[in-house]
Amino acid sequence: MERTQPRGGRGFVTGRRGALAIGAGLLAAPAIAQGRFPERPIRLIIPWPPGGSADSQLRSVAEICGRSLGQPVVVENRSGAGGTLHASFLAREARPDGYTLGQMHLSVLRRPFLVRTPQWDPINDFTHIIGMTGWLFGVAVHADSPHRTWADYVAFAKANPGRLTYSTSGIATSNHIAMEDICQRLGIELVHVPFRGANEGVTAVLGGNVDSIADSSTWGPQVEAGRMRLLCVWSAERAPRFPDAPTLKELGIDVVVTSPYGVSGPPRMDPGVVRVLHDAMKAALFDPQNAAVRAQFDMPLVYLDTEGYQNFVVQRVAYEREMVQRLGLRME
């Protein structure tokens, strides 16, 4: 495994204190100030096939960043393993020089607790650079469902334990774990019906095979067309596209679920390079072009600076570990 260290001078230094002082200065000096970063294209790994919401949003960020950095940010789609195929590469093989980055999402933080032999430490094996956005989640039912409101849904579940079913895009996904958390808080028992993707869950609800779907806004077009009814959303505020749907917080459940993601790199990246990348990606995130992409996919803004994103990862890893253990989830 190859790792690079921050580059410095090779002059002679008299005395241990002088050596430490100069060494610290070299470590702290931003590479950009020395005109070294970026010198060539940057690779951004997206762990999903082309065309999805995260792919579209990150491609927009890459395009805008390329203009401001003066070097192209080249997107590489590397899908597989539930969106975590790239994680071991970033953690173990990629050079920490700022030229290889990847999307950091909750499945990467969660997976070490789902498998017998973890391949990475989600806190220490990455340099977490910036938090960006997430998805709009909610619970929707068929338009003909007797559950007109979230209160109706919960009341039926309490009176009929194990009768109501809900679909998600898979076992141990963020929405599955969140729904189980909600059920425990409310003291209700629902039956989970996992599918390979949210689209299959929508089809199951429309076909009357499942009572509800708890997933990202794939249900949106069906709600707008009047074929499904949205009972609640899991964002911090009501969704502009669905202003009549209350948030969980409004319904008395202190939960916000957006499955936020960001961008990270290999461990031990130079702080100056991290700062350059953060600033460029922040500007791209707030650019009207990227805001339009996020609005197209109902993606809320969940910006966190480098320190904030690193703190979020630490707190979220603790939550993921607790929920995986509480639910007894395993991938192997």
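Here, every reference points to the structure presented above.
Keep in mind that this is a model prediction, so the values were computed, not measured. Position labels on residues start from 1 in each chain and follow its written sequence. Per-residue local features are limited, in this predicted model, to residues with pLDDT of at least 70; the limit for side-chain atom pairs, both in listing and counting, is 80 or more; totals at the level of whole chains, interfaces and linings are taken over all residues. As a rule here, side-chain values come from all non-hydrogen atoms in the structure, and water together with hydrogens is ignored.

## Describing the overall build of the protein
Next, step 1: Within the protein one finds eleven helices and eleven strands.
Next, step 2: Across the 332 residues of the protein, 51% fall into the buried class.
Next, step 3: What makes two residues a contact is simply this: any of their non-hydrogen atoms within 4.5 Å. Nonlocal contacts in the protein, meaning residues at least 24 apart in sequence, comprise 75% of its contacts between residues at least 6 apart.
Next, step 4: Surface accessibility of the protein: about 15,300 Å² in total, with carbon and sulfur atoms responsible for 52%. Secondary structure elements are defined from DSSP: runs of H or I of at least 4 residues count as helices, runs of E of at least 2 residues count as strands, and each element is numbered from the N terminus. Three labels apply to residues, based on accessible area from a 1.4 Å probe with only protein chains included: buried if under 20% of the type maximum, exposed if over 50%, partly exposed otherwise in between. Under the convention used here, a 1.4 Å probe and the Shrake-Rupley method define accessible areas, while residue burial counts only the protein chains that appear.

## So, the pattern of salt bridges
Next, step 1: Salt bridges are counted wherever a side-chain nitrogen of Lys or Arg sits within 4 Å of a carboxyl oxygen of Asp or Glu. Under the defined criterion, the tally for this structure stands at 16 salt bridges.
Next, step 2: Notably, a salt bridge pairs Arg241 with Glu224, separated by 2.9 Å at the nearest N-O pair. Of the two residues, Arg241 sits in the loop between β9 (228–233) and β10 (261–265) while Glu224 sits in helix α8 (residues 220–224), which places them 17 residues apart along the sequence.
Next, step 3: Residue classification places Arg241 among the partly exposed positions, given a relative accessible area of 29%.
Next, step 4: The salt bridge involving Asp298 is made with Arg241; its shortest N-O contact spans 2.3 Å. With Asp298 in the loop between α10 (288–296) and β11 (301–304) and Arg241 in the loop between β9 and β10, this pair connects stretches of sequence that are 57 residues apart.
Next, step 5: The network of salt bridges with common partners includes Arg40, Arg95 and Asp97.

## A word on the packing of helix α2 (residues 53–69) against α10
The packing of two helices is summarised by the inter-axis angle and the distance between the axes.
Next, step 1: Put simply, α2 and α10 touch, their axes get as near as 9 Å, and they point 175° apart. Accordingly, the angle class assigned to the pair α2 and α10 is roughly antiparallel. Touching Ser56, Gln57, Ser60, Val61, Glu63, Ile64 and Arg67 of α2 are Gln289, Asn290, Val293 and Arg294, all from α10.
Next, step 2: Only Asp, Glu, Lys and Arg are considered charged, only Ala, Val, Leu, Ile, Met, Phe, Trp, Tyr, Cys and Pro nonpolar, and every remaining residue, Gly among them, polar. When its residues are assigned to classes, the contact of α2 with α10 shows three nonpolar, five polar and three charged. Axes, fitted as lines to C-alpha atoms, cover a helix only where it is in contact. Angles between the N-to-C directions of the axes lie from 0 to 180 degrees. In these notes the angle categories are as follows: under 35 degrees is roughly parallel, over 145 is roughly antiparallel, 65 to 115 is roughly perpendicular, and the rest is oblique.

## Digging into the packing of aromatic side chains
Next, step 1: Between rings of Phe, Tyr and Trp, where Trp is taken as its six-membered ring, a pair exists when centres lie within 6.5 Å; planes separated by under 30 degrees are stacked, by over 60 edge-to-face, and by other angles tilted. For the structure on display, the rule yields seven aromatic pairs.
Next, step 2: Between Trp150 and Tyr153, the ring centres sit 5.3 Å apart and the planes meet at 20°, which makes this aromatic pair stacked. You can see Trp150 and its partner Tyr153 sitting in helix α5 (residues 150–159), three residues apart, about one turn around the helix. Of the two residues, Trp150 and Tyr153, both sit in the buried class.
Next, step 3: We call a charge positioned above a ring when the Lys NZ or Arg CZ atom is no farther than 6 Å from the ring centre and deviates by at most 35 degrees from the ring normal. One cation-aromatic arrangement involves Arg40 over Tyr99; the distance from NZ or CZ to the ring centre is 3.7 Å.
Next, step 4: The ring of Phe89 carries Arg78 above its face, with NZ or CZ at 4.6 Å from the centroid.

## Some details on the sheet that holds strand β3 (residues 100–104)
Next, step 1: Note on pairing: DSSP must find at least two bridges between two strands before they are called paired. One open sheet accounts for six strands, arranged β2-β1-β3-β10-β4-β11; its pairing is mixed. Looking at which strands have only one partner, the edges of the open sheet turn out to be β2 (73–77) and β11. Each adjacent strand pair in this sheet contributes to an overall mean axis angle of 25°, direction not counted.
Next, step 2: Note: strand β4 (residues 127–133) against β11, two bridges, orientation antiparallel. Residue pairing in the sheet places Gly131 in a bridge with Leu304 of β11.
Next, step 3: Helix α11 (residues 306–327) contacts β3, β4, β10 and β11 of the sheet and is inclined by roughly 95° relative to β4.

## Focus: the side chain of Gln103
Next, step 1: Tracing the backbone shows Gln103 in strand β3.
Next, step 2: At 2.7 Å, the side chain of Gln103 forms a polar contact with the side chain of Trp48.
Next, step 3: Once residues lying within four places of it in the same chain are set aside, the contact partners of Gln103 are Leu44, Ile45, Pro47, Trp48, Ala54, Leu58, His86, Trp135, Tyr261 and Gly262. As used in this structure description, the phrase polar contact means that two N or O atoms lie within 3.5 Å; if the pair is within protein, one of them must be able to donate a hydrogen and the other to accept it, and residues adjacent in sequence are counted only when both atoms belong to side chains.

## As for the pairing of strand β6 (residues 165–168)
Next, step 1: Residues Thr165 and Ser167 of β6 are buried on one face, and the alternating residues Tyr166 and Thr168, pointing to the opposite face, are buried as well.
Next, step 2: Two strands pair when backbone bridges link them, and β6 and strand β7 (residues 191–194) are joined in this way by four bridges, in the parallel orientation. Counterpart to Thr168 in the pairing with β7 is Pro194.
Next, step 3: Bridge count for β6 against strand β8 (residues 212–216) is two bridges, and the pairing is parallel.

Coordinates in, geometry out; function isn't part of it.
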